[in-house]
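# What the coordinates show
Residue-level listing of the chains:
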Amino acid sequence: MRYATSRIEESQEHAPGSFNPLKPMKAVLTDVRDENSDVKTYRLKVGDGFSRSAAAGQFNMLGYPGIGEAPISFSGIGEDGEIEHTIRAVGMATRFIERMRKGSEMLIRGPYGRGWPLGAAKGKDLLLVAGGVGLAPIRPVIRQIMKNRADFGEVTLLIGSRNDEGLIFTNEYSAWQKAMSVEITVDELVTKKPWNYRVGLITALLNRVKMKAENAVAFICGPELMMRFICRALLLKGAAAGSLSVSLERRMRCGIAQCGHCQHVGFFVCRDGPVFPYKQVEGLFDGLL
Ligand SMILES: Cc1cc2nc3c(=O)[nH]c(=O)nc-3n(C[C@H](O)[C@H](O)[C@H](O)COP(=O)(O)OP(=O)(O)OC[C@H]3O[C@@H](n4cnc5c(N)ncnc54)[C@H](O)[C@@H]3O)c2cc1C
């Protein structure tokens, strides 16, 4: 990895001066775990102080010089200075990262954006809804709930996936079930493994939720179409529009509202989101919500 090291070191050289929010830091991969055929969870060691300032729902720009960067949400925020990102390999940057192994280095900058309004959820019932790799940004919320369980009322987690092969964090479900009610559904079964959960759309799981929608706060992350149907169904059940939060994905470059790639009718998804109150983004013409 002589080439890799020198490219990273080259990009670490910078003019002396004040804090630069665009300056990437070197991060070392300490563990890589397969979630399924195209999603892996990467554990990264970054410099002092980095993860302590991060909040659930925020994201980092991850990349490699000469390859590119991708915005990726935190899937784990460790107190030991290590963080986790769970990434589906789809294109240039994410496929490059997919080939990295324990000990590899990449560049990381962040944390950026606004996360889930966990403070506002304290003392209330909380509904978490995650579709596909959308479970990744919800995982730090689950961990915070498990750590401070008494701070919240009833908690229900709904997980949806296109099929059973695509589920992520499967070895953690039983621990989560001790702290909250967990309902799982897949559009179709493709493996021959025993299946104890449900088959069908994630919206159908809403009928199994016992908490009253009008008293609950909901965090929703997944494909935009799924978020639209979940939010509309919750509103019909009496949820207040202000109690629903969604995490949006848009193409991003700078991450700090300077380049304009993620502009979204008066706001920037990177700076003002990616987590938004549903009522702020509902009905915007370039989105499905
Ligand atoms: C705030 C935020 C958080 C995210 N968190 C995660 C995460 O935790 N895990 C994860 O796997 N992915 C996440 N993503 C999506 C991830 O950023 C994209 O998959 C990634 O940028 C693709 O980069 P690439 O260079 O590998 O692909 P490219 O070569 O740039 O593109 C490959 C394909 O993906 C499409 N694409 C690229 N970026 C986006 C995007 N933002 N939205 C829709 N389509 C896109 C392209 O049009 C192209 O078809 C997040 C995106 C955002 C904005």
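Coordinates for the structure precede this section.
We now turn to the structure provided with this report.

The rules behind these values
- Residues numbered from 1 in each chain as written.
- Predicted model: local features only at pLDDT ≥ 70, side-chain atom pairs only at ≥ 80, totals over all residues.
- Heavy atoms only, no water.
- Helix = DSSP H or I, 4+ residues; strand = E, 2+ residues; numbered from the N terminus.
- Buried < 20%, exposed > 50% of the residue type's maximum accessible area, 1.4 Å probe, protein only.
- Contact = heavy atoms within 4.5 Å.
- Areas by Shrake-Rupley, 256 points an atom, 1.4 Å probe, with all protein chains shown as cover.
- Pairing = 2+ DSSP bridges.
- Right-handed = clockwise from strand over helix to strand, strands pointing away.
- Phe/Tyr/Trp six-rings, centres within 6.5 Å; stacked < 30°, edge-to-face > 60°.
- Lys NZ or Arg CZ within 6 Å of the ring centre and 35° of its normal.
- Near = heavy atom within 4 Å.
- Polar contact = N/O pair within 3.5 Å; in protein donor to acceptor, adjacent residues only side chain to side chain.
- Nonpolar A, V, L, I, M, F, W, Y, C, P; charged D, E, K, R; others polar.
- Salt bridge = Lys/Arg side-chain N within 4 Å of Asp/Glu carboxyl O.
- Core = buried A, V, L, I, M, F, W, Y, C linked by side-chain atoms within 4.5 Å.

All right, on to the overall build of the protein chain then. Along the protein chain, the regular secondary structure elements total eight helices and 14 strands. By residue count, 49% of the 289 residues in the protein chain fall in the buried class. Partitioning the intrachain contacts of the protein chain with sequence separation of at least 6 by distance along the chain shows that 68% fall at a separation of at least 24. Here the protein chain displays about 14,100 Å² of accessible surface, and carbon together with sulfur accounts for 51% of that area.

This part covers the pairing of strand β10 (residues 181-188). Note: strand β9 (residues 155-163) against β10, seven bridges, orientation parallel. Residue pairing for β10: T156 is matched across the bridge by S181. Following the backbone out of β9, through helix α5 (residues 173-179) and into the adjacent parallel β10, one traces a crossover that is right-handed. Here β10 runs beside strand β11 (residues 198-199); their pairing, made up of two bridges, is parallel.

In this structure the tally under the stated criterion is seven aromatic pairs. Arranged with centres 5.1 Å apart and planes meeting at 15 degrees, the rings of W116 and F219 form a pair that is stacked. In this pair, W116 is assigned in the loop between β7 (105-112) and α3 (118-121) and F219 in strand β12 (residues 216-221), connecting sequence segments 103 residues apart. In this structure, W116 and F219 share a single accessibility class: buried. Considering the side-chain rings of F267 and F276, the 4.8 Å spacing of their centres and the 45 degrees angle between planes classify their relative orientation as tilted. Overall, the relative accessible area of 8% leaves F267 in the buried class. Within the aromatic cluster, the residues linked to one another by ring pairs are F169, Y173 and W176. The ring centre of F229 lies 5.4 Å from the NZ or CZ of R228, which sits over that ring.

Taken in spatial order, the seven strands line up as β4-β3-β7-β1-β2-β6-β5 in an open sheet, and their pairing is antiparallel. Bordering the open sheet on either side are β4 (68-73) and β5 (76-77), each of which pairs with just one other strand. By the bridge criterion, seven bridges tie strand β2 (residues 39-45) to strand β6 (residues 82-88) in an arrangement that is antiparallel. Counterpart to K45 in the pairing with β6 is E82.

A separate point is the pairing of strand β3 (residues 59-64). Here β3 lies mainly inside the structure; six of its six residues are buried. Residues F59, M61 and G63 of β3 are buried on one face, and the alternating residues N60, L62 and Y64, pointing to the opposite face, are buried as well. Pairing of β3 with β4, which is carried by six bridges, proceeds in the antiparallel orientation. Among the inter-strand pairings, G63 is bridged to a residue of β4, identified as E69. The hairpin turn running from β3 into β4, its antiparallel successor, is three residues long, and G66 in that turn takes a positive phi close to 85 degrees. Relative to β7, β3 runs antiparallel, the two sharing four bridges. Looking across to β7, one finds that M61 is bridged to R109.

Attention now goes to the site of the ligand. Not every one of the 18 residues close to the ligand is listed here, only the nearest: P71, T86, R88, T94 and R251. Take T86: an N or O atom from its main chain is 2.8 Å from a nitrogen atom of the ligand. Separating an oxygen atom of the ligand from a side-chain N or O atom of T94 is a distance of 2.5 Å. The set of elements that each furnish at least two residues to the shell around the ligand consists of β4, β6 and α2 (92-98). Ranked by residues supplied to the shell around the ligand, first place goes to β4 with four residues. Residue composition of the shell around the ligand, grouped by class: 10 nonpolar, four polar and four charged.

Taken as a whole and judged by the stated rule, the model has 17 salt bridges. Residue D34 pairs with K40 through a salt bridge whose shortest N-O separation is 2.8 Å. In this structure K40 comes out as buried when scored by relative accessible area, which is 16%. Through salt bridges with shared partners, a single ionic network connects R33, E35, R43, E82, E84, R139, R143 and E172.

Moving on: the environment of F96. For F96, the position within the fold is in helix α2. For the pair F96 and G68, spaced 28 residues apart in sequence, the C-alpha to C-alpha distance is 9.2 Å. Those residues in contact with F96, other than ones at most four positions away along the chain, are Y64, I67 and G91.

Bringing the nonpolar core into the picture now. Nonpolar side chains in soluble globular proteins tend to end up buried together. Within the largest apolar cluster, 34 residues are counted, with the highest numbers of intra-cluster contacts made by L127, I220 and L234. Ignoring any residue separated from it by four or fewer positions in sequence, one finds I220 in contact with W116, V129, M226, M227, I230, C231, L234, L244, S245, V246 and S247. The next biggest cluster of nonpolar side chains, apart from the first, holds 32 residues, and it includes I138, F152, L157 and I168.

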